[in-house]
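Spelled out from the first residue to the last, the chains are:
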Amino acid sequence: MTAPSTLRLAQFNLSLAGRQAGEIKAKMLAPTPSRQIKNLAATLQRVRPDVVVLCEFDHPGDGGDDGALAAFCERHLAESQHGDMPIDYPYRYLPATNTGLKLTVPVSEHQHLTNAQQCHGFGDYHGQFGYVILSRYPIEDDAIRTWQHFAWHQLPHHQLPADYYTEQAQQALRLASKNLVSVPILVGDERVQVVACHPTPPVFDGPEKRNWRRNSDEIHQLIGLLDNADWLVDDKGAHGGISPKTPFVVIGDLNADPSYGDGDKQAIGALLHHPRVHPGVAVGTQVPKSDAAQSHAFRFINGKGRAIATHNGGLRLDYVLPSRELAVLASGVFWPAPDDADYPLICDKNGQEHARAHSDHRLVWVDVALS
């Protein structure tokens, strides 16, 4: 493939989490695809990202493909949906995930916990709510770095609620609710680090605020990676994160809005204002948006100065954040308005926007220039 002058990077939470293991694979292999799967595939065919992180795509959890991702790529993305041009992603990465991976020590003495709550990351089975990376360009597999095993208590100034977890759990519990990864993408002579993660939602907890604290600390771990902090130790024992001047793009559903919602606004604000993050895309005039993304934000937050939503709850949760070394050419949120030809892709058969016909999130994309 000829090296392009522009690279389109995207984040898309597909909301494809089954109630039991194998459910998503069965949907992908069904003789008649569901409306949701066709609409999700058509969205990717229309936006045509070169590299995309797909959150909430179930897989076995150990880094292998049970056939669900291959089926999505080969049966749906590689086949025209609604007349759209097929798209091929020959390079795929399924990060191992902490979701549904059971802790081997008692978790809490204060209340009865469900099986999903007794895991390193919330999940009814290993791999639920996992994420994957698709690329049109080669992934340098041998240089991938992961921080799946980094323990929560290893984070400097961590907020681990000691009055909730047992002493054994405080030592064992991992910080990443899924995984934090740095994946090199080779585009011609260029090498771009894709930094991907999907922190836990900062809700669904109690007065101890364990999920709020964890979301905040997962974002602080991400900031440490951009700082090239020595305390950050990857799963192979190497210290540090992204070296200075290395081009990168942070991509993920971070479950945190800088102005509204339940998350730690200081944490997500520190990431968006990080000296290595491109300010235009993070907080400036190049923040990804669309007319519908703006109208939904204003509608749900009562017009209090919001500029963008990426979730149907009116919040900015999904991010594509290039480093300052990368020149940003364009950006956007795929959120078609009712008078847009793409609007049926986010609607049910009655023509109403519905998460089960698409997703409760919208795809976010950014185009960067390559030298």
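Residues numbered from 1 in each chain as written. Predicted model: local features only at pLDDT ≥ 70, side-chain atom pairs only at ≥ 80, totals over all residues. Heavy atoms only, no water.

Per an unreviewed UniProt entry, the chain goes by the name Endonuclease/exonuclease/phosphatase family protein and belongs to Salinivibrio proteolyticus.

**Here's the deal with helix 2 (residues 35–47)**
Short version of the rule: We count a stretch as a helix when DSSP gives it H or I for four or more residues in a row; a strand needs E for two or more, and each element gets its number in order from the N terminus. Expected helix span is given by 1.5 Å per residue-to-residue step, counting one fewer step than there are residues. Under the scheme applied here, a residue whose accessible area is under 20% of the maximum for its type counts as buried, over 50% as exposed, and between as partly exposed, the area being computed with a 1.4 Å probe on protein chains only.
Look at helix 2: 18 Å from first C-alpha to last across 13 residues, which is about the 18 Å you get at 1.5 Å a residue. Of the positions making up helix 2, those classed as buried are Gln 36, Ile 37, Asn 39, Leu 40, Ala 41, Ala 42, Thr 43, Leu 44, Gln 45 and Val 47. Just downstream of helix 2, Arg 48 is the residue with a positive phi angle, here 55 degrees.

**Remarks on the side chain of Thr 166**
Condition: For this analysis, a polar contact is any N or O atom pair within 3.5 Å, provided that within protein one partner can donate a hydrogen and the other can accept it, and provided that sequence-adjacent residues contribute only side-chain to side-chain pairs. Contact between two residues is taken to exist if any of their heavy atoms lie within 4.5 Å; hydrogens are not considered.
Summarising the element assignment, Thr 166 is placed in the loop between strand 5 (145–146) and helix 4 (167–172). Since its relative accessible area comes to 4%, Thr 166 is described here as buried. Side-chain polar atoms of Thr 166 contact the backbone oxygen of Pro 106, separated by 2.5 Å. Side-chain polar atoms of Thr 166 contact the backbone nitrogen of Ala 169, separated by 3.0 Å. Once residues within four sequence positions are removed from consideration, Thr 166 is found in contact with Pro 106, Val 107, Ser 108 and Glu 109.

**A short note on the pairing of strand 4 (residues 132–135)**
Selection criterion: Here, a strand pair is defined by DSSP locating no fewer than two bridges between the strands.
The alternating pattern of strand 4 places Val 132 and Leu 134 and Ile 133 and Ser 135 on opposite faces, both of which are buried. Bridge count between strand 2 (residues 51–57) and strand 4: 4 bridges; the pairing is antiparallel. From the neighbouring strand, Val 51 faces strand 4, where its bridge partner is Ser 135. With 3 bridges connecting them, strand 3 (residues 91–93) and strand 4 associate as antiparallel partners. If you follow Tyr 91 over to strand 4, its bridge partner there is Ser 135.

**Here we look at helix 5 (residues 210–226)**
With 17 residues, helix 5 extends 24 Å between its outermost C-alpha atoms, agreeing within 8% with the 24 Å of an ideal straight helix rising 1.5 Å per residue. Counting buried positions over the 17 residues of helix 5 gives 15, a clear majority of the element. Positive phi appears at Asn 228, one or two residues downstream of helix 5, with a value of about 55 degrees.

**Description of the environment of Tyr 91**
Along the chain, the position of Tyr 91 falls in strand 3. Placed 194 residues apart in sequence, Tyr 91 and Thr 285 show a C-alpha to C-alpha distance of 32 Å. In contact with Tyr 91, not counting residues within four places along its chain, are Ile 133, Leu 134, Ser 135, Arg 136, Tyr 137, Pro 138 and Ile 139.

**Some details on unusual backbone geometry**
The phi dihedral of Phe 129 is positive, around 65 degrees, even though this residue is not glycine. Structurally, the position occupied by Phe 129 is in the loop between strand 3 and strand 4. Despite not being glycine, Asn 228 has its phi angle at roughly 55 degrees, a positive value. The residue Asn 228 is located in the loop between helix 5 and strand 8 (248–253) in this model. Overall, the relative accessible area of 31% leaves Asn 228 in the partly exposed class.

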